[in-house]
Amino acid sequence: MTETEFIEIAEATLERLQAAVEALDDDLDVDRQGNVLTIETDDGFQIVINKQTPTRQIWLASLKGGHHYERQGDEWVDTCTRQTLSQALAALLTQKLGRPVKLSC
């Protein structure tokens, strides 16, 4: 994938994730500053998702750990766990919100 393709796909991914999290209609603070999407719960727990152009990856970080995602087909897949980015984000939000979260993105 070229750098231009990566930037386009990663940007669209961050936009979809932001819209999906905002649509949950929970007490989540969702903020986008350039390449960084930050999601914060009312107890101060933060999830930070950002694109890493040099490595062509999207990274997700929280107090639960950090993960690197590479594009495989139509998905961003964790380089270690093989879980998709949307699955990992949904699992973190499910744990923090105390109810099942499914992201449509």
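It should be noted that the structure appears before, not after, this text.
Residues numbered from 1 in each chain as written. Predicted model: local features only at pLDDT ≥ 70, side-chain atom pairs only at ≥ 80, totals over all residues. Heavy atoms only, no water.

Draft legend 1. Fine view of the overall build of the chain. Helix and strand counts for the chain stand at two helices and six strands. Of the regular secondary structure in the chain, the N- to C-terminal order runs α-β-β-β-β-β-β-α. Over its C-alpha trace the chain gives a radius of gyration of 13 Å, about what one expects of a compact globule, namely 13 Å for 105 residues. Structurally, the chain occupies a C-alpha span of about 40 × 25 × 25 Å along its principal axes. (Helix = DSSP H or I, 4+ residues; strand = E, 2+ residues; numbered from the N terminus. Rg over C-alpha atoms; globule rule 2.2 N^0.38 Å.)

Draft legend 2. Geometry of helix α2 (residues 85-97). Between its terminal C-alpha atoms α2 stretches 18 Å, which fits the 18 Å expected from 13 residues at 1.5 Å a residue. Listing the buried residues of α2 in full gives L85, A88, L89, A90, L92 and L93. Of the surrounding elements, those touching the buried residues of α2 are α1 (3-22), β2 (36-40), β3 (46-52), β4 (57-62), β5 (65-72) and β6 (75-78). Downstream of α2 by one or two residues, G98 has phi in the positive range, about 75°. (Expected span 1.5 Å × (residues − 1). Buried < 20%, exposed > 50% of the residue type's maximum accessible area, 1.4 Å probe, protein only. Contact = heavy atoms within 4.5 Å.)

Draft legend 3. How the structure looks around α1. In this model α1 runs 28 Å from its N-terminal to its C-terminal C-alpha over 20 residues, within 8% of the 28 Å that 1.5 Å per residue would give. Those residues of α1 that fall on the buried side of the exposure criterion are F6, A10, T13, L14, L17, Q18, A20 and V21. Down the axis of α1, the smallest arc covering the buried residues is 165°, so these residues share one side. Along α1, exposed side chains directed more than 90 degrees from the buried face belong to T4 and E8. (Arc of directions from axis to C-beta.)

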